[in-house]
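Here are the chains, one letter per residue:
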Amino acid sequence: MKRFILVVFGFVMTVSTSVFAAGGSNDALDTVHMNMSDKASLQRGAKLFVNYCLSCHSAEYSRYARVAEDLDIPLWQLKENLMFTTEKEGDLMKTTMPAEDAKEWFGVAPPDLTLVSRVRKPNWVYTYLRAFYQDESSPSGWNNSLFENVAMPHAMFELQGVQRLVGKIDKVEAGAIDAHAAGPELAENQKLVGDAIFELVHPGKMSPVEFDQAMTDLTSFLAYLAEPAQLQRKTIGVYTLLFLILLTMLCYLLKKEYWRDVH
Amino acid sequence: MAIHRHDDHKSANGFMEWVDRRMPVTKVWNEHLAEYIAPKNFNFWYYFGSLAILVLVIQLVTGIFLTMHYKPDAALAFASVEYIMRDVPFGWLVRYMHSTGASAFFVIIYMHMFRGIIYGSHREPRELVWLIGCVIFVALMAEAFMGYLLPWGNMSYWGAQVIISLFDVIPYFGPMLTEWIRGDFVVSDATLNRFFAFHVILLPLILVALVFLHLVALHQVGSNNPDGIDIYDNVDEHGKPLDGIPFHPYYTVKDLIGVGVFLMIYFGVIFFAPDLGGIFLEKDNFAPANSLQTPPDIVPLWYFTPFYSILRASTDTLLAFLGVASIAVGVLAAIFVKVKAPWRVAFVVTGLVAYWVFDNTTGKAWGVILMGLAIVCFFLLPWLDRSPVKSIRYRSLPFKIALAIFVVAFFILGYLGMNSPTPVKTLLAQVCTVIYFLFFFLMPWFTSIGKTKPLPERLTSAEH
Amino acid sequence: MAEMNMADGHEVDEVENQKRRRFLTGVTAGVGAVGVAVGVTPFVLSMSPSERAKNAGAPVQYDFSKVRAGQMVKVEWRGKPVVLLNRTPEMMAGLGKISASLADPDSEQSLQPGYAQNPERADASRPEFLVMESVCTHLGCSPVEKLAIGPDPQMGDDSQGGFFCPCHGSKFDLAGRVYKDVPATTNMPVPPFKFEGNIIVIGEDDGRTA
C-alpha cells in the first residue's frame, strides 16, 4: 500500500514537472523587495499614494483611520497630511474626482486601487509604476512598456524624470536576469525595467535609485492596502499553531493511554 | 401514566433515567458511540470521515457569521465582502476560514472516496453508504459552485456564466432552461440572489440530511476495515467481534489526533497563505464582476478541474477517436464473445450506430455528457467491481496497476484544468479522459483477472 | 480491552493507570476547552459594531445659532434622535416647581456626563440648552415633545411642559427627568457634548467629566 502511494506520487511529480516546466505569466516583471513590517516604508508609501494616486483613483473599501492605526500614523498627521478637510478620519478613501469627468479626460474611469495588488500582484505593480516613458504618439504623451497604450499618464514624472524607450529584450531572457543571468550592457543613463531598456532624458527630483525605493514603498503600501489583515494574521497564526501543537501532543498521549487496552 | 422504556440500556444516573424514559439518549449514545463496534485496525485513511463532519460544522458556523454581514445584491455584494475583510472585527478570519474550509472539504472528501475505493468500502453490504456518499459529493459540488458566485468577483461571474451555459446543450429546452436558472438573460442580480438562497439554506439542509443518512446506513452495516474482511466472522462467546473495539472512547481519542493535525494545516493556510498562491482564492476574483470583460484565464477552483478538463477535452478529435473505438469494440466483441451469431451481428451494428452518433454530434454536447458521466461513474462502482476481495492489500496486480494509472490521469486532468489549453495540453487531456473512462469501463474485466492474495483469518497490522 | 490488563493481576498498576488516564483526559479536556473559548472569541467579536458602524456613530456637528428660545430640533446621532432644546426662562422656572412629583430629580440613576448632572441637566455655560437622547428609558420609544406650559390631556392639568411617550404613557419633564408612577423609572440619557462657538458637537466632550 505504502509502496503503491509512493509510486503514484513519484510518477505524478515527475510528469507534472517534466511536461509543464514552462508556464506562468508572460510578462517580464522585476522583483520587488518588500518588508511589510517596515512601518516607515509603508508610511512613505501611504504619503505617495495620497499625493499622487488618490486624486484620480479611489481606495473605496479602505478607511483613513484604519490605515493610520495600522501604520502607526498619528491622528494629527493623518488629518494634516493625508486627508481632505471635509472628511472624517473614519471615512472611506474616495477620490475627489467625479467618475464621469475622469472618463471624459482619460477615456476610462481610473480603477479603484484598494485591491490592485491582489489582482495584479506586487511585482507587476512595481514594474508598471517604473515603466512609464515619453511617447508623443499617445494621446496623453506617455506610454507604458508593461501596459501598452495605457490611458493613464505618468503621474510621478516630476519624481522620476522623463525617460524614453530605447529598446526591448527577449521576455524570457528578462525573466531570467534576477535568477542567474546577467542583464544586457547598459549605458550610464540607461535602465532595464521588465523587458524594456529606458534612457533618462530629463532627470527628476529623485535619482533612479531613490525612485526605485519610493516605488518599493508605494508597492508595499498597495500590498498592505489590498489586505490589511496580513499585518496581524501571521502573529495570530504563530500562537494558534503553537497551541495546536500542544493540544495535538496531549491528544496523542491520551490516545496512547487508552489504546494500551487494545491488543 | 406510566412510561415504558423500550430498551435495556443502563442510564448513568437518576436524571438520565428520567430523560431516557422520554427520549432514547443513552440508547443512541451507546448504539452509535460507546457500543458501536469498529474494527481495531483503522489507519491514516480512516481519519477523513470524522474530519469531513468537522469541516461541515466549520462551514456551517462560519457561513452563519458571514451571512450576518454579506449582502446578496449585485450592487453591494463585492463591497460587502471587502467590508467583512476590513471593517468587521475578525471578519477576515471568518471569511478565510470559510474559503479555506471549502477547499479543505474537497481535499478531505477526495481522500475519503479514495479510501473507499482502495479498501472496497463500496462493496456489498455497503452499497447504500457509498451511493449516499456519492450524492453528498454532488450536493457538495453544487454548494461550492453556488457559493463561489457570492463574492461577485469577476471569476465568480464568468465561472457561473460558463457553467450555467452548459445547460444550453440540452436540445430544444436548453436556452429556455438557462434563462430560467439565471432568472435573466445573463448572470445578474437575480442569479446572485437565488444562488444565495440555495447556498445558505437549501443545500446546507440537504447536506446535513444526507450526512445523517450516510451515518445511519453505515451504522446499520458496520464499518469496513483496511483488510476488507468481516469482523463478525470472529466473535467471542457473547457474540462480540474479537477484533472490534467500541468507537468511543478508542476512536474518539484517536480521531482527536487527526483533528489536531488537520487544524494545524488548515490554520497554517489561513494565517500564512490564505490564497495558497491563487489556488484557494483566485486573483481575478479580487476584481468586481464585469459583464463586459472575461478574465484572461478562466478556470474553476481546483476541486472542479479534473471534470472541467474532461469538458474541455471533448473536441472533434476525441469524438473521432470514440467513434472508431466503438466500431473496434463492436468488432472485437463479435469475434471474441462466445454468443450466438445474431448477437455478434448486433455488437457490430451497435458499434456502427455509436460511430454514426459520435460523427454527427458536436463536441460541446459531448463535453457536458462526458463530464456528467465522469461523476456518474462513481455511483456505479459497487457493481463494476467484481473482485473476490475488497481490500487493495489482497487484490490482484491488474487492479493495482489500473488504479495507479487512473489516479495519475485524475491528477493530470486536475492540473490541466487549472491552465489555459494549448494543443499539447488538450491532447494530453484527451488521453487522460480516455484513461478515466477506461478505468470504469474495464473494471469488471480487470477486477476479475489476476491472482488475489489469500485473506487473513483475523485483522492484521494493528499499528498503534 | 480493560479486562485484559486486569488478567495480569497487577491491580495496583491498574489503579495507577486509571489515575493517569483520568489526569490526561482532564488536562486534554481543559486545554481543549481553552482552545474552544479562544476560538469562539473572534466570532463573538465579529458581531460588535464594525468600523463602518463606528464611523457612522462618530460625533455629529450642528449649528445651533438658529435654534431660538422655545424651539427644539432633532439631530440624529448613532441612529438615535437627539433633541436640542433651547428653553425659555418660563420653562427653566417650571423645572423647579415639579421636583416633588419626579422619580429621580437629582439624576442619580440615569446616564449623563458629570457636567450635566444638575436640575437643568445641561452644561453650566449654557444651562438653558438641553441636549438629550430622546429615547424612553422604558422600552426605547421616542417620546413626543409637549413644550407648552399649561393643561395637557396627557401631561396633566398643571403641566410645566415635558415629553410624553406614546407607547406606554411615560412622562418626562423638560429636562428629561421621569415622573413618578409611570412605566419608565430613569431619566432620559444625556450624550457627551461640547460647544465650539455656534457649533455643538454631539458625541464628544474631550473626556470632560464636570
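Residues numbered from 1 in each chain as written. Chains lettered and ligands numbered in written order. Predicted model: local features only at pLDDT ≥ 70, side-chain atom pairs only at ≥ 80, totals over all residues. Heavy atoms only, no water.

Caption draft 1: Fine view of the overall build of chain B. Helix and strand content of chain B: 17 helices and 2 strands. Whereas a compact globule of 464 residues would reach a radius of gyration of roughly 23 Å, chain B reaches 25 Å, a difference of no more than 12%. In chain B, which comprises 464 residues, the share counted as buried stands at 51%. A sequence separation of at least 24 residues applies to 78% of the contacts in chain B between residues at least 6 apart. Summed over all atoms, the accessible surface of chain B reaches about 21700 Å², with 72% contributed by carbon and sulfur. (Helix = DSSP H or I, 4+ residues; strand = E, 2+ residues; numbered from the N terminus. Rg over C-alpha atoms; globule rule 2.2 N^0.38 Å. Buried < 20%, exposed > 50% of the residue type's maximum accessible area, 1.4 Å probe, protein only. Contact = heavy atoms within 4.5 Å. Areas by Shrake-Rupley, 256 points an atom, 1.4 Å probe, with all protein chains shown as cover.)

Caption draft 2: Broad picture of the pattern of salt bridges. Per the stated rule, a full pass over the model turns up 32 salt bridges over all chains. Among the salt bridges present, the one from arginine 458 of chain B reaches aspartate 243 of chain B, with a minimum N-O distance of 2.7 Å. With arginine 458 of chain B in the segment after helix H17 (443-446) and aspartate 243 of chain B in the loop between helix H9 (189-221) and strand S2 (244-246), the pair connects residues that are 215 residues apart, well separated along the chain. Classification of arginine 458 of chain B by relative accessible area gives partly exposed; the value is 35%. You can call aspartate 243 of chain B buried: its relative accessible area is 4%. Each of the salt bridges in this network shares a partner with another, and the network as a whole consists of Glu257, Arg260 and Asp261 of chain A together with Arg20 and Arg21 of chain C. (Salt bridge = Lys/Arg side-chain N within 4 Å of Asp/Glu carboxyl O.)

Caption draft 3: Spotlight on the state of the cysteines. Under the defined criterion, the tally for this structure stands at 1 disulfide over all chains. Note that cysteine 141 of chain C is cross-linked by a disulfide to cysteine 167 of chain C, the S-S spacing being 1.9 Å. One disulfide, between cysteine 141 of chain C and cysteine 167 of chain C, carries an S-S torsion of -95° and so falls in the left-handed class. Of the two residues, cysteine 141 of chain C is situated in the loop between strand S4 (129-133) and strand S5 (144-146) and cysteine 167 of chain C in the loop between strand S6 (162-164) and strand S7 (171-172); the sequence distance between them amounts to 26 residues. The class for cysteine 167 of chain C is partly exposed, based on a relative accessible area of 37%. Of the cysteine sulfurs around cysteine 432 of chain B, a residue in no disulfide, the closest is that of cysteine 377 of chain B, at 15 Å. Residue class for cysteine 432 of chain B comes out buried when judged on its relative accessible area of 3%. (Disulfide = S-S within 2.5 Å.)

Caption draft 4: Local environment of the side chain of histidine 57 of chain A. Residue and element names in this part refer to chain A. The topology assignment puts histidine 57 in the loop between helix H2 (39-53) and strand S1 (59-63). Within the structure, histidine 57 has its side chain in polar contact with the backbone oxygen of proline 111 (distance 2.7 Å). Beyond its immediate stretch of four places on either side in the chain, histidine 57 contacts Thr95, Pro110, Pro111, Leu113 and Met152. (Polar contact = N/O pair within 3.5 Å; in protein donor to acceptor, adjacent residues only side chain to side chain.)

Caption draft 5: Inspection of the interface of chain B and chain A at higher detail. Residue-level contacts link 52 residues of chain B with 43 residues of chain A. Both sides of the chain B and chain A interface together cover about 4300 Å² of buried area, and 74% of this is carbon and sulfur. At the junction of chain B with chain A, the criterion picks out 2 salt bridges. Counting every contact that joins chain B to chain A gives 10 residue pairs in polar contact (both at pLDDT 80 or more). Counting residues per element, the side of chain B that touches chain A draws most heavily on helix H10 (residues 247-272) of chain B, at 16 residues. Each residue belonging to the side of chain B that touches chain A can be placed in one class, and the counts come to 40 nonpolar, 3 polar and 9 charged. (Buried area = accessible area lost by both parts, 1.4 Å probe. Nonpolar A, V, L, I, M, F, W, Y, C, P; charged D, E, K, R; others polar.)

Caption draft 6: View of the packing of helix H3 (residues 48-67) of chain B against H9 of chain B. All names here are of chain B. Two numbers describe how H3 lies on H9: the axes approach to 12 Å, and their chain directions differ by 160°. Viewed along their axes, H3 and H9 adopt a mutual orientation that is roughly antiparallel. Like other packed secondary-structure pairs, H3 and H9 cross with a definite hand, here left-handed. Along the contact surface, H3 presents Ile53, Leu56, Leu60 and Thr67, while H9 presents Phe196, Val200, Pro204, Val208, Val211 and Leu215. (Axes fitted to C-alpha atoms, helices over the stretch in contact; angles between N-to-C directions. Parallel < 35°, antiparallel > 145°, perpendicular 65-115°, else oblique. Left-handed = near helix turned anticlockwise from the far one by under 90°.)

Caption draft 7: The confidence of the model for chain A, seen in detail. All names here are of chain A. Residues at a pLDDT of 70 or more form 88% of chain A, whose mean pLDDT is 86. Of all the helices and strands in chain A, helix H1 (residues 2-19) carries the lowest mean pLDDT, 58, while helix H10 (residues 208-226) carries the highest, 96. The model gives residues 18-24 a pLDDT under 50, and that stretch makes 6 contacts with residues more than four places away or in other chains. (pLDDT = per-residue confidence, 0-100.)

Caption draft 8: Highlighting unusual backbone geometry. All names here are of chain B. Across the junction of glutamate 124 and proline 125, the peptide omega takes the value 5°, indicating a cis bond. Residues histidine 248 and proline 249 are joined by a peptide bond in cis, for which omega reads 10°. Looking at where proline 249 falls in the secondary structure, it is placed in helix H10. One non-glycine residue, tyrosine 172, lies in the positive phi region at around 65°. You can see tyrosine 172 is positioned in the loop between helix H7 (154-165) and helix H8 (174-182). For tyrosine 172, a relative accessible area of 73% translates into the label exposed. The phi torsion at leucine 276 lies on the positive side, around 45°, for a residue other than glycine. Tracing the backbone through its elements, the reader meets leucine 276 in the loop between H10 and helix H11 (305-313).

Caption draft 9: Representation of the sheet that holds strand S5 (residues 161-168) of chain A. All names here are of chain A. Strand order in this open sheet of 3 strands is S5-S7-S6, and the pairing throughout is antiparallel. Looking at which strands have only one partner, the edges of the open sheet turn out to be S5 and strand S6 (190-193). Along the sheet, successive strands turn relative to each other by an average axial angle of 35°, direction set aside. Relative to strand S7 (residues 196-203), S5 is paired through 7 bridges, and the arrangement is antiparallel. Paired with glycine 161 across the strands is proline 203, a residue of S7. (Pairing = 2+ DSSP bridges.)

Caption draft 10: Highlighting the interface of chain A and chain C. Contacts between chain A and chain C engage 16 residues on the former and 18 residues on the latter. With both sides pooled, the region where chain A packs onto chain C buries about 1700 Å², and carbon together with sulfur makes up 57% of that total. Sorting the residues of chain A by area buried against chain C places Arg63, Glu257 and Asp261 of chain A first, and these three jointly supply 32% of that buried surface. If you look at where chain A meets chain C, you find 3 salt bridges. Among the ionic pairs, arginine 20 of chain C bridges to glutamate 257 of chain A, the shortest N-O distance being 2.7 Å. Joining chain A to chain C, the criterion identifies 7 residue pairs in polar contact (both at pLDDT 80 or more). The biggest single contributor to the side of chain A that touches chain C is helix H11 (residues 230-259) of chain A, with 9 residues. Tallied by class, the residues present in the side of chain A that touches chain C amount to 8 nonpolar, 2 polar and 6 charged.

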